[in-house]
Amino acid sequence: MNHTVITEYLPLYKDAFLLTIRIGWMGILLSVVIGMVGCFITHFKIPVVNTLVKGYVELFRNTPLLVQLFFIYFGLPKIGINVPAEICGIVGLGLLGGSYMAEGFRSGLEAVAKVQTESALALGMTRLQLFTHVILPQAFAMSMPAFVANIIFLLKETSVFSAISLMDLMFTAKDLIGLYYNTTECLVLLVVFYLVMLLPVSLLGSFLEKKARLSVFGA
Amino acid sequence: MDEILRVSHLQKKYDDFTVLDDVNFTVKKGEVVVIVGPSGCGKSTLLRCLNGLEEIQEGSVLLDGAVVNPNKKDLCKTRERIGMVFQSYDLFPHKTILQNVTLAPILVKKRKKEEVCQEALALLKRVGLLSKKDQYPRQLSGGQKQRVAIVRALMMQPEVLLLDEITASLDPEMVREVLDVVLSLAKEGRTMLIVTHEMQFARAVADRMIFLEGGKIVEEDETKSFFEHPKTDRLKQFLQTFTYEDL
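One structure accompanies this document, and this report is about it. Computed from a predicted model, the values in this text were never measured in an experiment.

Residue and element names in this part refer to chain B. For the structure shown, the criterion picks out 0 disulfides over all chains. No disulfide involves C76; its sulfur sits 18 Å from that of C49, the nearest cysteine. Judged by its relative accessible area of 22%, C76 falls in the partly exposed class.

Attention shifts here to the interface of chain A and chain B. Contacts between the two partners involve 21 residues from chain A, matched on the other side by 25 residues from chain B. Between chain A and chain B, the buried area comes to about 1,900 Å², and carbon and sulfur atoms account for 63% of it. The tally of links from chain A across to chain B stands at 1 salt bridge. Across the chain A-chain B interface, the total number found is 5 residue pairs in polar contact (both at pLDDT 80 or more). No other element matches the 8 residues that helix 5 (residues 114-122) of chain A contributes to the side of chain A that touches chain B.

The next subject is the packing of aromatic side chains. All names here are of chain A. Enumeration according to the criterion identifies 13 aromatic pairs over all chains in this entry. Seen in terms of ring centroids, F17 and F193 are 5.5 Å apart; in terms of plane orientation they differ by 55°. Their pairing is tilted. Pair noted here: F17 is in helix 1 (residues 3-43) and F193 is in helix 8 (residues 183-217), with a separation of 176 residues, a long-range link. Between Y56 and F60, the ring centres sit 5.1 Å apart and the planes meet at 45°, which makes this aromatic pair tilted. Remark: F60 and Y56 occur in helix 2 (residues 49-61); sequence separation between them is 4 residues, near one turn of the helix. Both residues of the pair, Y56 and F60, belong to the buried class. Following the ring pairs from residue to residue traces out a cluster consisting of Y13, F17 and F193.

The two faces of a sheet get side chains in turn, since along a regular strand they alternate between them. All names here are of chain B. Most of strand 7 (residues 160-164) is tucked away, with 5 of its 5 residues classed as buried. Here strand 7 shows two buried faces, one formed by V160, L162 and D164 and the other by L161 and L163. Alignment of strand 6 (residues 82-85) against strand 7, held across 4 bridges, turns out to be parallel. Among the inter-strand pairings, I82 is bridged to a residue of strand 7, identified as V160. Here 4 bridges tie strand 7 to strand 8 (residues 192-195), and the two strands are oriented parallel to one another. Paired with D164 across the two strands is V195, which belongs to strand 8. Remark: the strand 7/helix 6 (residues 172-187)/strand 8 crossover connection has right-handed handedness.

Calculation criteria
Think of each chain on its own: its residues are numbered from 1, step by step along the sequence as written. The order in which chains are written sets their letters, starting at A; the order in which ligands are written sets their numbers, starting at 1. Selection of residues for local features in this predicted model requires a pLDDT of at least 70, selection of side-chain atom pairs for listing and counting requires 80 or more, and totals for whole chains, interfaces and linings are taken over all residues. Based on all heavy atoms of the structure, the side-chain values leave hydrogens and waters out of the count. Note on terminology: disulfide denotes any pair of cysteine sulfur atoms within 2.5 Å. Throughout this description, buried means an accessible area under 20% of the type-specific maximum (1.4 Å probe, protein chains only), exposed means over 50%, and partly exposed covers the range between. The contact criterion used is simple: two residues touch if any of their non-hydrogen atoms lie within 4.5 Å. Joining two parts hides part of their accessible area as seen by a 1.4 Å probe, and the buried area is that hidden amount summed over both. Every case where a carboxyl oxygen of Asp or Glu lies within 4 Å of a side-chain nitrogen of Lys or Arg is listed as a salt bridge. N or O atoms closer than or at 3.5 Å make up a polar contact, with two conditions inside protein: a donor-capable atom paired with an acceptor-capable one, and, for residues adjacent in sequence, both atoms drawn from side chains. A helix here means a DSSP run of H or I that spans at least four residues, while a strand means a run of E at least two residues long, and both kinds are numbered starting from the N terminus. A pair of Phe, Tyr and Trp rings is counted when the ring centres sit within 6.5 Å of each other, with Trp represented by its six-membered ring. The angle between the planes then sorts it: under 30 degrees is stacked, over 60 is edge-to-face, the rest tilted. Only strands joined by at least two bridges in the DSSP assignment are considered to pair. Handedness is read with the strands pointing away from the viewer; a crossover is right-handed when the path from the first strand over the helix to the second is clockwise.

This is the structure in C-alpha cells:
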C-alpha cells in the first residue's frame, strides 16, 4: 500500500463521504415521514388511500433502488421535469425507505397485544386516545430493531447513487481506480469510510433499541 | 330495587356459528350476578357483548334504558359506565401502577390530576398496594396486577362492573387476595356481573346465579337454591363435577 496515495486521496473521499451522509440522511428523514404517514393510513384502514399505500409499498419494496433512480433521473426529464441529481437521490432513497419504514412501523403496531386495545376501550377511551397513549409507546419500542436495521440498510443503498452521477463514496472510488489503477488503496479507503459512516449508527442503534425496550417493557 | 342492565333476546354469531342464542336476563342495582358454565359456553362473549366489545346480531343490551351498540358514536360514554376486568389483567406495561389507574379518569373524564391521584391512592391502599404505586406492572405478581386492574376499572366509577374469569390465570395462593377484594366490593353494594369457575366463591358472593350452556341460559336462580336445589339435570351434573365427595 502506498501511503502518499492515501493521503492524496483522503480529501476526495472526505467530500464524497460528506455528500453521501448528506443525501443519505435527508433520504432517511423523508423515508421516516413517508413511513409514518403510510403506516398511520394502513393502521386506521383509511378508505381508498389505504389501498394506494399498500400498492406503493409493494411497488417500491419489490423493485431495486437503481431501477427507481433511473426512472426518476432519466424518466422525469422526458415529461419535462428536470430534477437535480441530488434531489433524485434523496427522493429515490426516501421512497424506497418509506416502503420499508411503513412496514417496520406497522409490524410494531401489530405486535401490541390485542387485549391492550380492549382494556383501553373498556375504560371508555376513544380510538385516538387508545392510539396515542397505549398503542404508540409500545409499538415504538417494538419497531425500534426494524427501524435501526432500515436506517443501516438505506445508508448502504446510497452506493448506487454513483449510477446517476452523484459523487458519492462509490463513485469516487470507481473514478480513482479508473484513472490511476491504485485499486488496493482505493478499496481500502472505501471500506474504511463506509465503516466510519455505519459503525456508529449500528452501535448507537443497538443502544437505543435496548433503552426503548427497557423503558417500555423492562426487559 | 331498580333495574340497571337488561339483556333481551341477545344473539351473537361468528359467521354461521351461534355463540349466544336468545339470552335474556336483567341485573338490578347493587346486585351481584355470577355466570357459570362449561368452557366455550359463551360466558366471556356474553360479558364482552355487554360493553360493546363484540357486535351482536339480534336482540338488545340496555344500560339504564340506553342501548349499548358497538356502532353508535356514544359507545365510549356507555363504556365509561361499565367497567371490565379481564382474565389476563392487561395493565399498560409502559405506565406505573399509579399512571395505570389514573390514565382513563384524567383522559376520558377530563378530571383534575390531583383529585384523581388522591382517589387512586386511597383505592390502592384499600387493596393493599399503596407501596407499589410507582412500580411498573412487570414488577408485580399476578394477584397484585389483578388487584390493580380492579382499581383501574373502579377509578372510572362504573355503575356496573364486569369481571371475566379474573382469577383463571392466577396461581392458587393468589386467588384469595383477589377474591377478597371482590367480596368487599359486593358488600358495599356494587353491581357486578361475574364469570368464574370458582364455585365456592360464586356461592359466597352471588345474589343470583346463571348457568349458561351452548350459548343459552339453562338455569337461573337465587344463589342458595341454585346450589342446593338445581332444577335441571344438566346443572346437577355440572355442579357434581366440582364436588369430590363421591370419590
